[in-house]
Amino acid sequence: MPANNPKLQHIIEQLCTTGCERVNEVIEILERQENIQETGQLSTEESKIVLHELKAIMAVYEQE
């Protein structure tokens, strides 16, 4: 989790409350370098960080 960036941490936490199915949809959207409402104001680099963190979080669930 990007602890040094509260804005990104908040976005990631908010997205995670929407459930695994939605997080997977968001990952697909961000992989296409598109935005959703929550990431619309982020820089390209910040969006990449959010994508990376969401993938890392979902990887934990896929291992179960």
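Fair warning: this is a prediction, and the values are worked out from it, not measured in the lab.

Visitor: Explain helix 3 (residues 44–62) to me, using residue names and the numbers behind them.
Guide: The periodicity of an α-helix, 3.6 residues per turn, causes residues three or four positions apart to be oriented the same way. If you check helix 3, its first and last C-alpha atoms are 27 Å apart, about what 19 residues at 1.5 Å a residue would give, namely 27 Å. Within the sequence span of helix 3, burial applies to Glu 46, Ser 47, Val 50, Leu 51, Glu 53, Leu 54 and Met 58. Where helix 3 is buried, its residues contact helix 1 (6–16) and helix 2 (20–31).

Visitor: Give me the nonpolar core: which residues, what numbers.
Guide: Taken as a class, soluble globular proteins show a tendency for nonpolar side chains to be buried jointly. Counting residues in hydrophobic clusters, the biggest one holds 15 residues, and the most contacted among them are Leu 15, Val 26, Ile 27, Leu 30, Val 50 and Leu 54. Elements with a minimum of two residues in this core: helix 1, helix 2 and helix 3. Ranked by residues supplied to this core, first place goes to helix 2 with five residues. Once residues within four sequence positions are removed from consideration, Leu 30 is found in contact with Asn 35, Thr 39, Ser 47, Val 50, Leu 51 and Leu 54.

Visitor: Report on the pattern of salt bridges, specifying residues and quantitative values.
Guide: This structure, assessed with the given rule, holds four salt bridges. Salt-bridge contacts for Glu 46 lead to Lys 7; the nearest nitrogen and oxygen are separated by 3.1 Å. Here Glu 46, found in helix 3, pairs with Lys 7, found in helix 1; they are 39 residues apart in sequence, far enough to count as distant. For Glu 46, a relative accessible area of 16% translates into the label buried. A residue is classified by how much of its surface remains accessible, and Lys 7, at 42% relative accessible area, is partly exposed. Residue Glu 34 is joined to Arg 32 by a salt bridge in which the shortest nitrogen-to-oxygen separation is 3.2 Å. Judged by relative accessible area, Arg 32 falls into the partly exposed class, the value being 49%.

Criteria and thresholds
Residues numbered from 1 in each chain as written. Predicted model: local features only at pLDDT ≥ 70, side-chain atom pairs only at ≥ 80, totals over all residues. Heavy atoms only, no water. Helix = DSSP H or I, 4+ residues; strand = E, 2+ residues; numbered from the N terminus. Expected span 1.5 Å × (residues − 1). Buried < 20%, exposed > 50% of the residue type's maximum accessible area, 1.4 Å probe, protein only. Contact = heavy atoms within 4.5 Å. Core = buried A, V, L, I, M, F, W, Y, C linked by side-chain atoms within 4.5 Å. Salt bridge = Lys/Arg side-chain N within 4 Å of Asp/Glu carboxyl O.

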